[in-house]
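Remarks on the overall topology
Here are the chains, one letter per residue:
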Amino acid sequence: MRVLNLIKIAYKAIVLNKVRTLLTMLGIIIGVASVIAMLAIGEGSKASIRETISSMGSNMVTIQPGADDRGPARGSGGDVQTLIYKDYEKIKEQVSLLSHVTPVVNGSGQVINGSNNWPSTIFGVNPEYLQIKAVGLQSGSMFTDNEVKSAAKVVLLGQTVVENIFPDGQDPVGKMIRFNNIPFKVIGVLEEKGENTFGQDQDDVVVAPYTTVQKRILAIDYLNQIMASAVSEDDASEAVDQVTELLRSQHKLMDNEEDDFTVRSMEELISTFSSTSEMLTVLLVAVAGISLLIGGIGIMNIMYVSVKERTKEIGLRMAVGGKGSDILMQFLIEAILISITGGLLGVVLGLSATVFIEKFLHWPTSVALYSIVISFAVCAITGIFFGWYPARKASALDPITALRYE
């Protein structure tokens, strides 16, 4: 028989049992749709994480006090004071792959304007902070180096703070506010950045000269952090190595001693969170893949039933000269058609589910072409794998026995 004739015969057999065939396809349809949707969510979350972290400053390098706390039995940066102003000066002078550097000190408190108040965090930095964080000014201006040296009582406000302590919508630039009990003059308003992937409001900030925060609010002489930006994203990793080497020398650490500071780049953070997202995606896809396995078993089961029902037909075909290979191909093609049709419907359902998730649940999604190709390939393989044994059994039937079958 020609392949075209075999396809026609397989198609007629499928059409004659529409409901049974559709129920057989359900496992394949749900499995393919689930795989596509889960991969879309995984890819979307990775893209969202990369975009969010990059919006914080794609070249940013952070130096914190304390050993890296990601491993076991290591200290955290919150209970040690190993960064000082001299460290900042040395990094600024000697690390050639950093374009901007700022000391950072921060503390929490109440921002007050008349009868309006709002709990927020004040960050003490220098004028290079805006370039490092890749944030602009909506109005006003940044404080100057002279204002840093004189510990001037000037601040810039994030949008969330402005909305809560200036609810009537007036321009805060030039107004006097208080942080706890200390008066500050508002000289600028930061551009809105919104929430990041981790749910943190990037606009709930107050920015002031680090000297002011050190002396007038926190009364400390050490730094909570040093922030910098690498010359380019490609240089960030090497910049981290330069900073690490310099600080080890500056802190007089022996070769066998652990770092008393932690240096990280945004690329490292992106890699860490992306790998976590990938693990979750693999887990979800594995669960979704079980549906494909169940769908394959369903195909095998229905093909066994089909062979039983059509035993006489098989015997008749073989009696009039049909070859075992023709019978094998007929049932195998039928299994593949069921599988591929289920795959096509699954792709449509998966893409529809992805659109629904993004539009109504507002989860970031990104459909990768490879997820469709892989799902479709798995369908074809499933049809061949689970359809072959029943087809092989049909082709091995004895014509006389088959004709006598009741």
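Residues numbered from 1 in each chain as written. Predicted model: local features only at pLDDT ≥ 70, side-chain atom pairs only at ≥ 80, totals over all residues. Heavy atoms only, no water.

- Looking at an unreviewed UniProt entry, the chain carries the name FtsX-like permease family protein, with the source organism given as Formosa sediminum.
- The chain has a UniProt comment under Sequence similarities (unreviewed entry) that states "Belongs to the ABC-4 integral membrane protein family."
- As recorded by UniProt, the Subcellular location (unreviewed entry) comment attached to the chain reads in full: "Cell membrane". (UniProt positions renumbered as here; feature names shortened; annotations may be inferred.)

Comments concerning the UniProt feature "domain: ABC3 transporter permease C-terminal" (unreviewed entry) in the chain
- Feature annotation in UniProt places "domain: ABC3 transporter permease C-terminal" (unreviewed entry) on residues 286-398, given in this structure's numbering.
- Across residues 286-398, the secondary structure splits into 87% helix and 0% strand, with the terminal C-alpha atoms separated by 41 Å. (Helix = DSSP H or I, 4+ residues; strand = E, 2+ residues; numbered from the N terminus.)

Description of the pairing of strand β6 (residues 176-179)
- Covered by surrounding structure in β6 are Ile177 and Phe179 only, the residues Met176 and Arg178 on the alternate face being uncovered.
- Judged from the two bridges that link them, strand β2 (residues 98-113) and β6 form a sheet pairing that is antiparallel. Within β6, the position partnered with Ile112 by the bridge is Arg178.
- The pairing of β6 with strand β7 (residues 182-190) spans four bridges and is antiparallel. Counted as the bridge partner of Ile177 is Phe184 from β7. (Buried < 20%, exposed > 50% of the residue type's maximum accessible area, 1.4 Å probe, protein only. Pairing = 2+ DSSP bridges.)

Quick look at the domain arrangement of the chain
- Domain annotation of the chain identifies domain 1 (3-53 + 272-404) and domain 2 (83-259).
- One C-alpha centre belongs to domain 1, the other to domain 2, and the line joining them spans 56 Å. (Domains from an automatic or database assignment.)

A short note on the packing of helix α10 (residues 311-319) against helix α11 (residues 324-361)
- For the pair α10 and α11, interaxial distance at closest approach is 10 Å and the crossing angle is 140°. Taken together, the axes of α10 and α11 lie oblique to each other. Crossing handedness for the pair α10 and α11: right-handed. Taken together, the residues of α11 that come into contact with α10 (itself represented by Glu313, Ile314, Arg317 and Met318) are Ile327, Gln330 and Phe331.
- Among the residues making up the contact of α10 with α11, the classes are represented as four nonpolar, one polar and two charged. (Axes fitted to C-alpha atoms, helices over the stretch in contact; angles between N-to-C directions. Parallel < 35°, antiparallel > 145°, perpendicular 65-115°, else oblique. Left-handed = near helix turned anticlockwise from the far one by under 90°. Contact = heavy atoms within 4.5 Å. Nonpolar A, V, L, I, M, F, W, Y, C, P; charged D, E, K, R; others polar.)

Points about the packing of aromatic side chains
- Enumeration according to the criterion identifies three aromatic pairs in this entry.
- A centroid spacing of 6.1 Å and a plane angle of 20° characterise the contact between Tyr85 and Tyr210, whose relative ring orientation is stacked. With Tyr85 in helix α3 (residues 85-94) and Tyr210 in helix α7 (residues 210-218), the pair connects residues that are 125 residues apart, well separated along the chain.
- The exposure class of Tyr85 is partly exposed, given its relative accessible area of 34%.
- Ring centres of Phe356 and Phe360 lie 5.0 Å apart, and the angle between their planes is 35°; this geometry places the pair in the tilted category. Note that Phe356 and Phe360 are positioned in helix α11 at a spacing of four residues, about one turn of the helix.
- The class for Phe356 is partly exposed, based on a relative accessible area of 48%.
- Chaining the aromatic ring pairs together yields one cluster made of Tyr85, Tyr88 and Tyr210. (Phe/Tyr/Trp six-rings, centres within 6.5 Å; stacked < 30°, edge-to-face > 60°.)

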